[in-house]
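Per-entry structural report
So the chains spell out like this:
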Amino acid sequence: LSGKWFYIAGASRNPEFKEAAKTFQAAFFYFALNHTEDTIELRQYLTVGNHCVYESSILNVHRENKTISKRGEGQPSGTQLLCGRGRTVLACAMGTTVPCPWSHQSLPPPEKDKERVASMILTADPKIYMLAQDLDDEQNVALSLYADKPEVTQEQLKVLHVAIECKGLDKSEIIYADVKKDQCGPLEKQHEEERKKTNEEPQEDAEQG
């Protein structure tokens with residue numbers, strides 16, 4: 001999962017999800033995994049109202065219950081890794097037909113000040129994955145698709161179509177991101193130049209020493 005990912009589209013009947021999806025004109029982010037410390041550095045770039053919004057945070061990986069959280073240690077908020085690659089996304093989303101490597105356990109409901117729980121669904125295609133919320137709640141179920149490129153093939157998009165239809169949603173309810181409206185390119189470039197310069201400085205110091 002390390003690298004750059006783009007938000008492609010999402011669908012839900014949940015008013016909060018739909019409002020947020022309409023607000024984001026475009027979105028992409030970077031995952032940087034630290035296996036030693038069980039953390040993930042998240043850098044996300046959101047285009048909202050024709051303006052770029054940047055946020056950087058550290059996610060904690062909890063191997064014991066297969067969750068990722070943004071808050072205090074051991075809290076179950078964040079993302080639950082649901083199924084491994086090679087499983088069909090439909091079977092993973094439904095929690096049936098194909099057994100997952102681990103059970104689709106129900107996590108405790110998040111408190112007000114905690115993150116919303118979501119399930120990360122890894123598909124047979126390593127270039128895409130999905131996030132799912134409230135899979136057992138017909139009125140609030142939400143599914144969103146992410147890819148390693150800003151545009152996806154029809155076959156990749158079909159993964160989202162199949163999943164939302166099996167959960168009772170219609171393709172007309174999908175809200176798509178528009179990479180043409182992205183305003184974060186210049187800031188991303190600036191950050192990359194700064195990171196490159198930061199990485200070069202220790203090497204220069206070592207050579208001078």
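Residues numbered from 1 in each chain as written. Predicted model: local features only at pLDDT ≥ 70, side-chain atom pairs only at ≥ 80, totals over all residues. Heavy atoms only, no water.

This part covers the overall build of the protein chain. Looking only at helices and strands, the protein chain has four helices and 10 strands in total. Taken from N to C terminus, the helices and strands of the protein chain fall in the order β-α-β-β-β-β-β-α-β-β-β-α-β-α. In the protein chain, the share of contacts with a sequence separation of at least 24, taken over all contacts with a separation of at least 6, comes to 54%. Accessible area for the protein chain stands at about 12,000 Å²; split by element, carbon and sulfur atoms hold 49% of it. (Helix = DSSP H or I, 4+ residues; strand = E, 2+ residues; numbered from the N terminus. Contact = heavy atoms within 4.5 Å. Areas by Shrake-Rupley, 256 points an atom, 1.4 Å probe, with all protein chains shown as cover.)

Now for the environment of Cys184. Its location among the elements puts Cys184 in the loop between strand S10 (175–176) and helix H4 (185–208). Relative accessible area serves as the criterion here: at 0%, Cys184 is assigned to the buried category. For the pair Cys184 and Asn50, spaced 134 residues apart in sequence, the C-alpha separation works out to 9.5 Å. The residues contacting Cys184, other than those within four sequence positions of it, are Phe28, Tyr45, Leu46, Thr47, Cys52 and Val53. (Buried < 20%, exposed > 50% of the residue type's maximum accessible area, 1.4 Å probe, protein only.)

This paragraph deals with the pairing of strand S2 (residues 24–34). The pairing of strand S1 (residues 3–12) with S2 spans four bridges and is classified as antiparallel. When the sheet's bridge partners are listed, Gly3 is paired in S2 with Phe31. In terms of strand pairing, S2 meets strand S3 (residues 39–48) through 10 bridges, oriented antiparallel. Residue pairing in the sheet places Phe24 in a bridge with Val48 of S3. Hairpin connection from S2 to S3: four residues lie between these consecutive antiparallel strands, with Asp38 at a positive phi of about 55 degrees. (Pairing = 2+ DSSP bridges.)

Turning our eyes to something else, we now look at the pattern of salt bridges. It is possible for side chains bearing opposite charge to pair when their charged atoms get close. Tallied over the entire structure, the rule returns six salt bridges. In this structure, Lys4 and Glu188 form a salt bridge, with 2.8 Å as the shortest nitrogen-oxygen distance. Taken as a pair, Lys4 in strand S1 and Glu188 in helix H4 lie far apart in primary sequence, 184 residues in all. Between Arg195 and Glu41 there is a salt bridge whose closest N-O contact spans 3.8 Å. Of this pair, Arg195 sits in helix H4 while Glu41 sits in strand S3, and the two are 154 residues apart along the sequence. Connected via shared salt-bridge partners are Glu41, Arg43, Glu192 and Arg195. (Salt bridge = Lys/Arg side-chain N within 4 Å of Asp/Glu carboxyl O.)

Moving on to the environment of Phe24. As for its position among the elements, Phe24 is in strand S2. Under the relative-accessibility criterion, Phe24 is labelled partly exposed at 29%. Distance in space between the C-alpha atoms of Phe24 and Gly49 is 7.8 Å, their sequence separation being 25 residues. Residues contacting Phe24, with those up to four places away along its chain left out, are Leu46, Thr47 and Val48.

Function-wise, these values are silent; they only describe arrangement.
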